[in-house]
Each structure stands twice: as structure tokens, then as C-alpha cells.
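Chain by chain, the residues run as shown.
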Amino acid sequence: MCGIIGYIGEKQAAPIIFSGLKKLEYRGYDSAGIATLNNGIHIKKDVGKVKDIHSRINLTDLPGFIGIGHTRWATHGGVTKENAHPHTDCSGEIVIVHNGIIENFQELKRELKHHKLKSETDSEIIAHLIEEEMENKGFVEAAKTALKRVEGHFSLLILNKNDKRMIAARRGSPLVIGVGKGEYFPASDIPAFLDYTKDVIYLHDNDFVVLDKNGPKFFNLKNGENIERVVSTVDWDAEQAKKGEFEHFMLKEIIEQTETIQKAINQKMEIVEEVVGDIKNAQGIFFVGCGTAYHACLTGSYLFSKVAKKHVNVVSGSEFPHFEHFLTDKTLVIAVSQSGETADVLEAVKTARKRGSKVLSIVNVMGSSLTRNSDKVLLTHSGPEICVLSTKAYTAQLALMLLLAYATAGKIEDGRDQLKNLYNMVYNLTALSKRKKLKKLAEKLKDKEHIFTIGRGLMYPTALEAALKLKEVSYIHTEGFAGGDLKHGTIALIEKGTPCITFVSNGTEKEILSNAMEIKSRGGYIIGVGPKNNDIFDYFIKVPKSSVADPITHIIPMQILAYQLAVLRGCDPDKPRNLAKSVTVK
Ligand code: F6R
């Protein structure tokens, strides 16, 4: 789970790579480095965030028109300068940056024991493997042969001191190439080069690319054959990937939800109709996602029950392989993911395809691995989500779930109307006055050790998602429960002043208020989120009545609260500790 970017063209490479690394930091931010080629290899790397490293050792003055860079999220080996990328071989002539995991690292290391490895990473072995192959082959052939021997996931950029070409390759981990005029930007993700071009080549697994100023040449790593790849143009723009007037991406992306929810429902009718046909014909439907996307799936299952009267199973991506035996060629798997690169979701889809099941994906990043491994795709059109926490992609996923549930019930226009009505509601929910009120609540909560969130029915997944948002960014322990479940054990933790956020929604009002009362009777501090105040509440957050769209309206104040808590507690809302945006390891 790291970010890589390279540049080859007529401009100085280091400043371009530096700006790309800052855009990729959501993928990993414990160390970073750049290597350029100019009469030899020049490398600078260190631990810390890209901008802090730059202020210490100036990353932009490396000379040359070709270069590669990396921002790391440690998997193999601690956070040290030695483990930071780029890595070189013994001779210092081959230099690589790598995102992924080399599964046969130990075996290769034993085989190359006469090589001097300088780091504890699995990645460095690739440089040595190429060095070994170069004893009797040229750079490109040596790299091809070496990569054939590597097991696991990689997206890789490779330079050789004595060659003006760059090699890019991918298997399992994401890699795209930005195409400018006489310049190329291979990178883990599109925002890295959006300032320079919107033209993109999406690489497939086992693509091996030789890049020089005249353009890329593509080969299949498995059989060595020449292949063609097409250039597509993305509808994202550079501004979307910038913070603009906002201090953090998280706040910017929360506010963007007024627009992004509306963009999500803007789907081609023919595709929605086809999907509805698949849903109706399926014998067994599974919703699969991880983390926040899993909560969208869970909400979807309530919507399908309530609106479409259709049974669906919901499984977290990492658990999906255990359900393999329920899958047939009549099963429909609906995979939900912002990045389209989450390893557990991709593995789930692989399992489904092995069994002949159909795969529909609801995904934000066009060209991602998930879009390529699905029979049909519905894009959420949220634009780049840079903050590590998912906010706007989540509500877009919810909007699509709602739309599909209504479409399956044969009432798509009703669904669309409900979602269109959200425009003003979401605008008001994210207004400055609302943010200020939530800041006051954050001030009350900022030193608490525990927070609990409860909801029933549609509000149960909302309680889970609220808890995830609050804990992952503020580091306050927060747990979400179904309203009726707290009394089966966890109520033992309620003490005087323990905050419990209670989501009140149509149809579950009476029961959830009585659950809140059980907590209040034990000293709990009740924060009500709903359309109507109540004597039970010690603090009230008003949200408009929106019926089945409540999961969207009720989560927005929680996203804002999570943001305010992070800021007050001195945490970085865009880059919470230990996390990375796309979890590309199992
Ligand atoms: C939490 C969050 C994660 C992701 C999860 C899946 O705020 O962002 O829980 O939702 O890692 O990621 P995607 O949606 O990219 O598959």
C-alpha cells in the first residue's frame, strides 16, 4: 500500500515527481524518496511525510529528465531510511520503486545470498534479481526474466544507470500511465499527474512496459507478446484533486456531497435496467465490500428488504471466500469499492468468477482492477477521494443502493425523486452553522475515552459507520451497535457521562428511544440524531426527515463531528495513523 510515480519527458523530473508524491500520500506516508537519472543515479529518501522530508533534504533539486518516486506505508520492515524506496542493487546501477508484496521474498533472498541487501524490505530483492539476470542479458530482457520469477503483487518502476528507458510493470497492484505531449507519467493513481494530463492508459495485470520519449511499448509478461493499450480521457479535473480553500481534503469532500450524491444517480438507464434484470434473474445475491463500503452493503441489504422485498446476503470482502460453496453460475455478486483496488474485494470477485457467478461492481475509480474484473460496472462519479477516510464515496454508494432497490421494485422514479430531494438537505447539513454546532459537541467529547453509537433497522449500519468514522480519525474508542444489542453485554461499560450517539429514524423511534433510556438510566450522556428533539437527549443534532434516505442524512453530521474531533485532538484528518487509502494487501 504505497504510492509510486515516475516521469520521462523533457522537463526536470524531480519537481514533477515531488508534486505527484504529495498527491499520492493518501496511499502511504511514513517515508518517501526519489531517484533520477542524469549521468548516473541520484537518490534522496528519508522517513516522514513528503513535505517534511523536502524541507530537510530538498527533494526537487535532483537532476535529470527521467525519475521515479515512492511514498511508503510499511509492510516488510520498519519505518527507517534504509527501508524507504527507491532501492538499488549491489552495484547501484539498477534502481526500483515498488508497491505490493513479494511473496517468495525469503526464497529469492536465500538464492541471492551473495548479494548485499541494505534494507529489510521485500522490494529490494527485485533490484538484485535484475542485477543477477543482467550478467548475460540486456536491461529489458533481464527485467522481464526477473519479474517472471517474482510471486505476489507488484507495481514497479525500474531505471538502469546505463539506459535512458524506464520499465513499468504491474501484477495485482494498481498502475496507470498519464500520457502528455512527449512525456509520460506512470503512477499508482490518476491524481498524481492530473496537473499535467487527463489522458490515461490503464495497465492490466502482467503488463510490462518499456517507456522512452518516443512512447511506450507494451508486452505481456507471461508470454512476452507485444500488446496494445488504448488511451482514455478521464472526466476528473485537477481542481478536484486539490484542497483549494479548505484546510483538509476531509472537509472538502464532506461538503462536496451536495453535488456528488446527485452525480451518483446520474446513471445510464439501459445499464440500470440490465442490472435490475440480473438482480431479478439471480438465484442468490451477495453484496461484498470492506470497511465503509461494507457498511454501504449492509445498508443496501436493509433497503433491498424494505423497498424491493428481495433477500440479499452481505459479506465482508475478507470473509467472502468462506462462502464459496454457496456460489453458482446463477449467483450475482455485487462488489462495492471506492478504489476498486482493495485486495480482499478483488479476491472475493476472483472466487465468484471461478464459480461462474456474475459480478457487478459499484466503484469510483474508472479503470481500476475491479472495473476490469466485473461483468458490469456502475461508477459512483464522486471524483477523486483523497482523504484516507471515505465520506463522499460512501454516500454515493448509498445513493446507488437506494436507486437499485427502487429500480428492482419497479419504482425507479420514486427513488430518483427521494435522492433529488437530498440536494437542499445535504447543502444545509454541511453549512457553516451546522459545522459550528458540531464543533461545540466535539469540544464536549474530545477527552472522552469511549463513545457508543446505536441505531435500529436502516440506522444500524449507520451506527457502525459513524463509529468507524469517529474512531479512525480521532482515535477515541468508538463502538457501534444495534439498539437492542447493548443490553446483551456492552451496557456494563456505561458509566456516568459515557456518550451514546442515538440515531432516530422513522419506524424505529419508540424502540431506539427506549434503548437510549436504558443507557441514560446508567448515567450515559445521550446525543440524539434525528428529526425531532426528545427529553431523553442531553444534546440534539437535528437532521431532516428523509425516510429511506436517512442513512445519508444521518451520517453527514457524524462525518463532520469526526473531522472536528480530529482537528481538536491534533490528529491529521486526511492521513490517520497506520491507515492507507487503498488496502492492496490481504
Ligand atoms: C474508512 C475507509 C475504509 C475503506 C475500505 C475499503 O473510512 O475508507 O474502511 O472503505 O478500506 O476501501 P475501498 O472502498 O476502496 O474498497
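Small disclaimer: the values here were computed from a predicted structure and weren't measured. (Residues numbered from 1 in each chain as written. Predicted model: local features only at pLDDT ≥ 70, side-chain atom pairs only at ≥ 80, totals over all residues. Heavy atoms only, no water.)

Novice: I'd like to hear about the sheet that holds strand E25 (residues 539-542), residue by residue, with values.
Specialist: Within the open sheet, the five strands sit side by side as E22-E21-E23-E24-E25. Their pairing is parallel. Each edge of the sheet is formed by a strand with only one pairing partner; in this case those strands are strand E22 (477-482) and E25. Looking at each pair of strands side by side, their axes are set apart by 20° on average, direction ignored. Where strand E23 (residues 499-503) lies against strand E24 (residues 525-530), five bridges are found, and the strand directions are parallel. The residue bridging Cys-500 from the neighbouring strand is Ile-526, located in E24. Here helix H15 (residues 432-445) sits on the sheet in contact with strand E21 (450-455), E23, E24 and E25, set at roughly 150° to E25. Packing of helix H16 (residues 459-474) onto the sheet brings it into contact with E21, E22 and E23, and relative to E22 it is tilted by some 175°. (Pairing = 2+ DSSP bridges. Helix = DSSP H or I, 4+ residues; strand = E, 2+ residues; numbered from the N terminus. Axes fitted to C-alpha atoms, helices over the stretch in contact; angles between N-to-C directions. Contact = heavy atoms within 4.5 Å.)

Novice: Account for the sheet that holds strand E5 (residues 87-88), with residues named and values stated.
Specialist: Spatial ordering of the open sheet is given by E5-E6-E7-E8-E12-E13-E14, a layout of seven strands whose pairing is antiparallel. Each edge of the sheet is formed by a strand with only one pairing partner; in this case those strands are E5 and strand E14 (226-227). As paired elements, E5 and strand E6 (residues 94-102) share two bridges and run antiparallel to each other. Bridge assignment links Thr-88 to a residue of E6, and that residue is Val-95. In the packing of helix H5 (residues 139-148) onto the sheet, the strands contacted are E6, strand E7 (152-160), strand E8 (166-171), strand E12 (207-212) and strand E13 (215-220), and the crossing angle to E7 comes to about 165°.

Novice: Summarise the side chain of Arg-27; cite the residues concerned and give the values.
Specialist: Within the fold, Arg-27 resides in the loop between helix H1 (13-24) and strand E2 (31-37). With no salt bridge to any partner, buried Arg-27 finds its closest opposite charge in Asp-189, at an N-O distance of 4.4 Å. (Buried < 20%, exposed > 50% of the residue type's maximum accessible area, 1.4 Å probe, protein only. Lys, Arg positive; Asp, Glu negative; His and termini not counted. Salt bridge = Lys/Arg side-chain N within 4 Å of Asp/Glu carboxyl O.)

Novice: Now, about the state of the cysteines: what can you tell me, with residues and values included?
Specialist: Under the criterion given, the structure shown has zero disulfides. Cysteine Cys-2 remains unbridged, with the sulfur of Cys-290 as its closest cysteine sulfur at 18 Å. Classification of Cys-2 by relative accessible area gives buried; the value is 6%. Here Cys-297 stays unpaired: no disulfide links it, and the sulfur of Cys-290, its closest cysteine neighbor, is 8.8 Å away. Assessed through its relative accessible area of 0%, Cys-297 is described here as buried. (Disulfide = S-S within 2.5 Å.)

Novice: How would you sum up the packing of helix H12 (residues 392-408) against helix H13 (residues 412-420)? Please name residues and give values.
Specialist: In a pair of packed helices, the angle between the axes and the distance between the axes together describe the arrangement. As a packed pair, H12 and H13 sit with axes 7 Å apart at the nearest point and diverge in direction by 155°. Here H12 is positioned roughly antiparallel relative to H13, judged by the angle of their axes. For the pair H12 and H13, the sense of crossing is right-handed. For the pair formed by H12 and H13, the contact residues are Ala-399, Leu-402, Leu-403, Tyr-406 and Ala-407 on the first element and Ile-412, Asp-414, Gly-415, Arg-416, Gln-418 and Leu-419 on the second. Per-class residue counts for the contact of H12 with H13 are seven nonpolar, two polar and two charged. (Parallel < 35°, antiparallel > 145°, perpendicular 65-115°, else oblique. Left-handed = near helix turned anticlockwise from the far one by under 90°. Nonpolar A, V, L, I, M, F, W, Y, C, P; charged D, E, K, R; others polar.)

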